[in-house]
Amino acid sequence: MVNVLVIGAGARESALGRAFLASPQVQAVYVAPGNAGMALIGLTPVAIDAMDFPALIAFAKAHVALTFVGPEQPLTAGICDAFQAAGLAVFGPKRALAQLEGSKQFAKAFMARHDLPTAAATVVHDLAAGQAALAGHRLPVVIKADGLAAGKGVVVCSDLPAAQAALARAYAADPAATVLIEDYLAGQEASVLAMFNGTTRVLFPLAQDHKRRLAGDAGPNTGGMGAISPAPQFTAAQQAQAAALVDATLAGAVTDGLDGCGVIYLGLMFTVDGPKLLEYNVRFGDPETQVLLTQVQNDFYQLTVDLLAGHAQPLVLDGRTYCGVVAVHPDYPGDTSRPLPVATPDQAALDYWLPAGVAGTQGALTTAGGRVFTVVGAGPNLAHAQLQAYARVAPLLGELAMRQDIGAKGLRQPQD
Ligand code: AMP
Ligand code: GLY
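Reading the values: the criteria
- Residues numbered from 1 in each chain as written.
- Chains lettered and ligands numbered in written order.
- Predicted model: local features only at pLDDT ≥ 70, side-chain atom pairs only at ≥ 80, totals over all residues.
- Heavy atoms only, no water.
- Near = heavy atom within 4 Å.
- Polar contact = N/O pair within 3.5 Å; in protein donor to acceptor, adjacent residues only side chain to side chain.
- Areas by Shrake-Rupley, 256 points an atom, 1.4 Å probe, with all protein chains shown as cover.
- Salt bridge = Lys/Arg side-chain N within 4 Å of Asp/Glu carboxyl O.
- Helix = DSSP H or I, 4+ residues; strand = E, 2+ residues; numbered from the N terminus.
- Buried < 20%, exposed > 50% of the residue type's maximum accessible area, 1.4 Å probe, protein only.
- Core = buried A, V, L, I, M, F, W, Y, C linked by side-chain atoms within 4.5 Å.
- Contact = heavy atoms within 4.5 Å.
- Phe/Tyr/Trp six-rings, centres within 6.5 Å; stacked < 30°, edge-to-face > 60°.
- Pairing = 2+ DSSP bridges.

Draft legend 1. Representation of the site of ligand 1 in the model. Close contacts around ligand 1 come from 14 residues, with K144, E182, L185, E189 and E279 the closest. E189 places a polar side-chain atom, nitrogen or oxygen, 2.4 Å from an oxygen atom of ligand 1. In this structure, N221 approaches ligand 1 through a side-chain N or O atom, which is 3.5 Å from an oxygen atom. Within the complex, the protein chains bury 94% of what would otherwise be the 470 Å² of accessible surface of ligand 1.

In structure tokens form, the structure reads like this:
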């Protein structure tokens, strides 16, 4: 039996931890720093910050056979380079490849170099250049700050004053900012993820996140309010297009000398002109992971170790559809520092409760962040999965908030 270390603190890491714990080979799953809710689902939080590489390396050396990195901050700061230099087994991309997520400018240049379809964009470095560049773009237009922003650095502007204001805000926040001004793409969004080593990959079914805070895709962008997978509104042809873009991305990375393993996540917009790349992430998505790993029947530890050695296991799925609803602090994505009570799930509910921003102890849990937990429902189709997810979250919600329409777009579209 082996132990595994998962780095991160959210519901994604709860899902990763559960997937590892389900392996008959795994004894204990440590999560650094984890959250207080994780102890209720059999995981072991370890009070080490995700950016404290020396302490994480010392812990991994002493306690685990494998480390899996969840969030983007340590990845873009080179945690996998540091673990590898220390001779440790770690699943995640090295810093050079993580720039695909860490810099939107780097990602755009990569897409251009490898002929991958994406929205036309202008990169600017100061406010005057930005204001001038706006003239060259149709409305609506999208203003994106370069660098990591937890899904909140993107503003879709339907008129010129809004675009000018968004630019001014970006430069007020950081006078040295690099900003992308990008054509707006209309269509349905999908997330396609694969675990990979070089061009060898294990591809997951398409998922759909819900990034806006409010029902009907209104309100500000968030880290993600809920997800479904497999997303039934996409045809087999669209799934094949998504897979081809994953393969072209991995081939491009190898061509560029960006070797290694990890998770690649393509944010896609299926437009009338076919799929276009919105963004790359170099990690599992949150909340996509909560509805992807729950489908997987493989021994997830063995799948990861095999891929580290260059072998892709065929993915075995349970054939059900999953719907994950994220319970958030009502002030999210604003200031969520005011703590609120969080219901402690009963024993049965712990099977589908994936804690994130949770502090305190069993029976006296409180919020500690914006996204508090994800509840997952499943069924033979999306309608069943959605019903089950909402039935399960209702008794746990208390003073927290959620979107009422996770999965609605998938139900509206004709199914494949
Ligand atoms: P990003 O961090 O680049 O993925 O952007 C966050 C979210 O903003 C995306 O998931 C989309 O919902 C939206 N978005 C980003 N770029 C565009 C675009 N060019 N057109 C329409 N929506 C976009
Ligand atoms: N689900 C969006 C993200 O993980 O970035």
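Still more to cover.
Draft legend 2. Looking closely at the pattern of salt bridges. The final tally for this structure, using the stated rule, is 18 salt bridges. R283 is paired through a salt bridge with E72; the nearest N and O atoms lie 2.9 Å apart. Highlighted residues: R283 in the loop between β17 (274-281) and α10 (288-292) and E72 in helix α3 (residues 72-76), separated in sequence by 211 residues. With a relative accessible area of 8%, E72 lands in the buried category. Of the charged contacts in the structure, one is a salt bridge between R283 and E101, with a shortest N-O distance of 2.9 Å. Of this pair, R283 sits in the loop between β17 and α10 while E101 sits in helix α5 (residues 95-102); the two residues are 182 residues apart in sequence, bridging distant segments of the chain. As far as the burial class goes, R283 and E101 line up, both buried. Within this structure, D217, R403, D405 and K409 form a network of salt bridges that share partners.

Draft legend 3. Expanded view of the nonpolar core. Core analysis: the largest hydrophobic core is formed by 118 residues, its most contacted members being M195, Y280, F284, F300, W353 and F373. Discounting residues that sit within four places of it in the chain, W353 has contacts with R18, G37, L40, I41, P345, V358, L365, F373, T374, V375 and L396. In this structure, V141, C157, A166 and L167 belong to the second largest nonpolar core, which totals 14 residues.

Draft legend 4. Spatial organisation of the packing of aromatic side chains. Scanning all chains against the criterion turns up ten aromatic pairs. Their ring planes at 85° and their centres at 5.0 Å tell us that Y30 and F59 sit as a pair that is edge-to-face. With Y30 in strand β2 (residues 26-33) and F59 in helix α2 (residues 53-63), the pair connects residues that are 29 residues apart, well separated along the chain. By relative accessible area, Y30 is classed as buried at 17%. Looking at F59, the relative accessible area reads 14%, which means it is buried.

Draft legend 5. Up close: the pairing of strand β18 (residues 321-328). The buried fraction of β18 amounts to eight of the eight residues, a majority that puts the element mostly inside the structure. Side chains T321, C323, V325 and A327 project from β18 onto one buried face, and the interleaved Y322, G324, V326 and V328 project onto a second face that is buried too. Here β18 pairs with strand β23 (residues 371-379) via eight bridges, running antiparallel. Along β23, the bridge assignment pairs V328 with R371.

Keep in mind these numbers describe shape, not what the thing actually does.
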